[in-house]
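# Notes for the structure review
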Amino acid sequence: MVISTRGLVLGTTALLGTGVVVTGAGLSQLPSSWALFKESPKETIDEVWQVIEHDFVDASFNGVDWHAVRSDYLNRKYQSKEEAYDAIREMVDQLGDPYTRFMDPEQFKSMQIDTSGELTGVGIQISQEEDTKNIVVISPIEDSPAAAAGILAQDVILQVDGQSTEGMDINEVVSLIRGPVNSEVTLSIARGDERLNFTIKRARIEIHPVRFSFRQNGASGGIGYIRLNQFSGNAASEMKDAIQKLNNQNVSGFILDLRLNPGGLLYSSAEIARMWMDKGTIVTTINRQGEVDRLTAGRGQLTNKPLVVLVDQGSASASEILAGALQDNHRATIVGATTFGKGLVQSVHPLQDGSGLAVTVAKYHTPSGRDIHKSGIVPDIQIELTEEQLETLRRDQIGTPADPQYAKALQVLTEQISKGKAGETLGASNRSKSGV
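Here is a short report on the structure shown in this document. These numbers come from a predicted model, not from an experiment. (Residues numbered from 1 in each chain as written. Predicted model: local features only at pLDDT ≥ 70, side-chain atom pairs only at ≥ 80, totals over all residues. Heavy atoms only, no water.)

## Considerations on the overall build of the protein chain
Per the secondary structure count, the protein chain includes 11 helices and 21 strands. A separation threshold of at least 6 residues defines the contact pool for the protein chain, and within that pool the share at least 24 residues apart is 72%. Carbon and sulfur atoms form 47% of the exposed surface of the protein chain, whose accessible area is close to 18,600 Å². (Helix = DSSP H or I, 4+ residues; strand = E, 2+ residues; numbered from the N terminus. Contact = heavy atoms within 4.5 Å. Areas by Shrake-Rupley, 256 points an atom, 1.4 Å probe, with all protein chains shown as cover.)

Here it is in structure tokens:
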């Protein structure tokens, strides 16, 4: 099975807004059996079954008799598309993979970022835990209504407008939270032992995945701070622009902040890795046949200056690929907390009736062969933050000296820059002596 990396998704989450988050290639050719179900709800059921049969990462379908499943669901009677959609969700749930999921046309549309790069929603990214089925906030989008209201990573959503999320899948929760601009939604969340309610006004949110700044740093000169919020289609171009502009200001080193970055597109992660690496493996993906596809660097490096990368429990998927590549290739020092731990890759298929299907198609390993699924990337220097510190940092202190993880990253980078300058001085001194 050959899959274009541009169609592969490395996100853990649902993004609550309207527009396209990620899309992949659909089936290039429809089987002749499609005609038997033309204009029938069974058409979409069979289409979903065929995609999973062809692409799902586990050829045993996690022990499910997938052909018997097809017979069961196609032999049922459906009075409407809605009944068929419920059946599809039930069918897909049998795989036991929370990342393989069906989206009806409205839900699929809500997963897309439109050409303006904006969302309509509250601005949170959520995931459904495999074991508990809890709906968990991975991160609020910066400057979103959810961030302003005080929603935090790891908050568990218990109710939406008084309706319990227990027993719901992630698509149902997304549908409840989404809504028109300026309308309000109340989220009831669990945060540790606390139970909190947040009433949030939905808004149109402009998405820019990269933010950067030049920062004076004493004797070491200036450093470049780059914050990457997600690996969207325009993340690589914005990252390239940030690195080039900071290089033009003669920075001595970089801090790359991947905290609360839930992932995105595989090709975006690889393109960004190549900007920092001159050689080496970035990631390997393994499909259902055991075939290994290796993405490597070797072109496009924009800087070899010292680099420190910040991660936390909200750094997932594509963030973990980038952090793992830089760590295993000894290109950067990783600082922060252990990452989310998602080592699976999805392809998103638009279906014939406007619905969509995300299918887990591969596993990935870091360059050294690490499988980080459920275990995450462990930083070289671990700095855990308390809940109180996390709440403070959501109030515009992230990436400042008041941020303990950032402060440690700055200390590490400053030391690396100083060692580099000492080496340059020693080299110049040795050359002088050899010329006498």
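Picking up where we left off.
## Quick word on helix 7 (residues 235-248)
With 14 residues, helix 7 should reach 20 Å at 1.5 Å per residue; the first-to-last C-alpha distance of 20 Å fits that figure. Of all the residues in helix 7, the buried ones are Ala235, Ala236, Glu238, Met239, Ala242, Ile243, Leu246 and Asn247. Take helix 7 and look down its axis: the buried residues cluster within an arc of 165°, on one side only. Check the buried side of helix 7 and you find it contacts strand 12 (210-216), strand 13 (222-228), strand 14 (254-257) and helix 8 (266-276). Where helix 7 terminates, the next one or two residues include Asn250, which has phi positive at roughly 60°. (Expected span 1.5 Å × (residues − 1). Buried < 20%, exposed > 50% of the residue type's maximum accessible area, 1.4 Å probe, protein only. Arc of directions from axis to C-beta.)

## Brief notes about the packing of helix 1 (residues 41-55) against helix 3 (residues 81-93)
Closest axis-to-axis distance for the helix 1/helix 3 pair is 8 Å, and the angle between their directions is 20°. When the axes of helix 1 and helix 3 are compared, the pair comes out roughly parallel. For the pair helix 1 and helix 3, the sense of crossing is right-handed. Mapping the contact onto sequence places Pro41, Thr44, Ile45, Val48, Trp49 and Ile52 in helix 1 and Lys81, Ala84, Tyr85, Ala87, Ile88, Met91 and Val92 in helix 3. Per-class residue counts for the contact of helix 1 with helix 3 are 11 nonpolar, one polar and one charged. (Axes fitted to C-alpha atoms, helices over the stretch in contact; angles between N-to-C directions. Parallel < 35°, antiparallel > 145°, perpendicular 65-115°, else oblique. Left-handed = near helix turned anticlockwise from the far one by under 90°. Nonpolar A, V, L, I, M, F, W, Y, C, P; charged D, E, K, R; others polar.)

## Quick look at helix 1
With 15 residues, helix 1 should reach 21 Å at 1.5 Å per residue; the first-to-last C-alpha distance of 22 Å fits that figure. By the criterion of burial, helix 1 is predominantly enclosed, with 12 of the 15 residues buried. Looking only at helix 1, the buried set comprises Pro41, Glu43, Thr44, Ile45, Asp46, Glu47, Val48, Trp49, Gln50, Val51, Ile52 and Asp55. The inward-facing, buried residues of helix 1 contact helix 2 (66-74), helix 3, strand 3 (101-103), strand 19 (344-350) and strand 20 (356-365).

## Structural notes on the pattern of salt bridges
As enumerated under the stated definition, the model contains 14 salt bridges in all. One salt bridge connects Arg211 with Asp143, and the closest N-O pair in it is separated by 2.7 Å. With Arg211 in strand 12 and Asp143 in the loop between strand 6 (135-140) and helix 5 (145-149), the pair connects residues that are 68 residues apart, well separated along the chain. Note that Arg259 is salt-bridged to Asp257, the shortest N-O span being 2.8 Å. In this structure Arg259 comes out as buried when scored by relative accessible area, which is 2%. Among the residues examined, Asp257 registers a relative accessible area of 0% and is labelled buried. A single salt-bridge network, built from bridges that share partners, covers Asp86, Arg89, Asp104 and Asp169. (Salt bridge = Lys/Arg side-chain N within 4 Å of Asp/Glu carboxyl O.)

## Some thoughts on the sheet that holds strand 17 (residues 307-311)
Read from one edge of the open sheet, six strands run 12-13-14-17-18-21, paired in mixed fashion. Among the strands making up the open sheet, the edge pair consists of strand 12 and strand 21 (381-382). Relative to strand 14, strand 13 runs parallel, the two being bridged by four bridges. Its bridge partner lying in strand 14, Arg227 is registered against Asp257. Here helix 7 sits on the sheet in contact with strand 12, strand 13 and strand 14, set at roughly 15° to strand 12. (Pairing = 2+ DSSP bridges.)

Just geometry here; none of it tells us what the structure is for.
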